[in-house]
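Single-letter residue listing:
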Amino acid sequence: MFVVDSTVVVPEHKADDLIQIYRNRSRLVDEAEGFLSFQLLQNDRKPGELTVHLEWESKQAYLNWARSEQFKKIHELEKQYPDEDLKGIVPIVKKYEVVAT
């Protein structure tokens, strides 16, 4: 299994706005071959810190997704957020190979 975490920090008063965006997400990733799950995590002590947690069958499945037209489409939509506070946020992305369960 391969895990990708993408963390952003937004002003705390914008956290609910971003959560709502993800609740209404396109779900294109859900259709990707090898995709297992999506979760949006909110830091218990820092409400403005949100992490998108994706699980994949393999690193190759993730790489195929990351090179796909659907991936490009989703990330183009992110650039069109009407809210200037959310539009310019750059995530910190970390990738992990699951080595034990």
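Everything that follows concerns the structure shown earlier in this document.
Because the structure is predicted, anything quoted here is derived from the model rather than measured.

Cut-offs and rules
Residues numbered from 1 in each chain as written. Predicted model: local features only at pLDDT ≥ 70, side-chain atom pairs only at ≥ 80, totals over all residues. Heavy atoms only, no water. Helix = DSSP H or I, 4+ residues; strand = E, 2+ residues; numbered from the N terminus. Rg over C-alpha atoms; globule rule 2.2 N^0.38 Å. Buried < 20%, exposed > 50% of the residue type's maximum accessible area, 1.4 Å probe, protein only. Contact = heavy atoms within 4.5 Å. Areas by Shrake-Rupley, 256 points an atom, 1.4 Å probe, with all protein chains shown as cover. Pairing = 2+ DSSP bridges. Axes fitted to C-alpha atoms, helices over the stretch in contact; angles between N-to-C directions. Phe/Tyr/Trp six-rings, centres within 6.5 Å; stacked < 30°, edge-to-face > 60°. Lys NZ or Arg CZ within 6 Å of the ring centre and 35° of its normal.

A.B. asks: Explain the overall build of the protein chain residue by residue, including any values.
C.D. replies: Broken down by element type, the protein chain carries 4 helices and 4 strands. Listing every helix and strand of the protein chain by position from the N terminus yields β-α-β-β-α-α-α-β. Relative to its length of 101 residues, the protein chain is compact, with a C-alpha radius of gyration of 14 Å against a globular reference of 13 Å. Here the protein chain holds 101 residues, and 34% of them are scored as buried. A fraction of 69% describes how many contacts in the protein chain between residues 6 or more apart in sequence connect residues 24 or more apart. Looking at the protein chain as shown, the accessible area adds up to about 6,900 Å², and 50% of this sits on carbon and sulfur atoms.

A.B. asks: Report on the sheet that holds strand β4 (residues 92-97), specifying residues and quantitative values.
C.D. replies: Note: strands within a sheet are paired through backbone hydrogen bonds, in either parallel or antiparallel orientation. As summarised here, the arrangement of the 4 strands in space is β2-β3-β1-β4, forming an open sheet in which the pairing is antiparallel. The outermost strands of the open sheet, each flanked by one partner alone, are β2 (35-42) and β4. Recorded for the sheet is a direction-independent mean angle of 15° between the axes of neighbouring strands. By the bridge criterion, 7 bridges tie β2 to strand β3 (residues 49-56) in an arrangement that is antiparallel. Residue pairing for β3: Ser37 is matched across the bridge by Glu55. Packed onto the sheet, helix α1 (residues 15-23) meets β1 (2-9), β2 and β3 and runs at close to 165° relative to β2.

A.B. asks: Go over the packing of aromatic side chains, please, and point to the residues and values.
C.D. replies: Counted according to the given criterion, the structure contains 6 aromatic pairs. Both rings, one in Tyr22 and one in Phe38, keep their centres 6.1 Å apart while their planes meet at 25°; by these two values the pair is stacked. Of this pair, Tyr22 sits in helix α1 while Phe38 sits in strand β2, placing them 16 residues apart in sequence. Ring pairing ties together the aromatic residues Phe2, Phe35, Trp56, Tyr62, Trp65 and Phe71, which thus form one cluster. Residue placement shows Arg25 over the ring face of Phe38; its charged tip is 3.8 Å from the ring centre.

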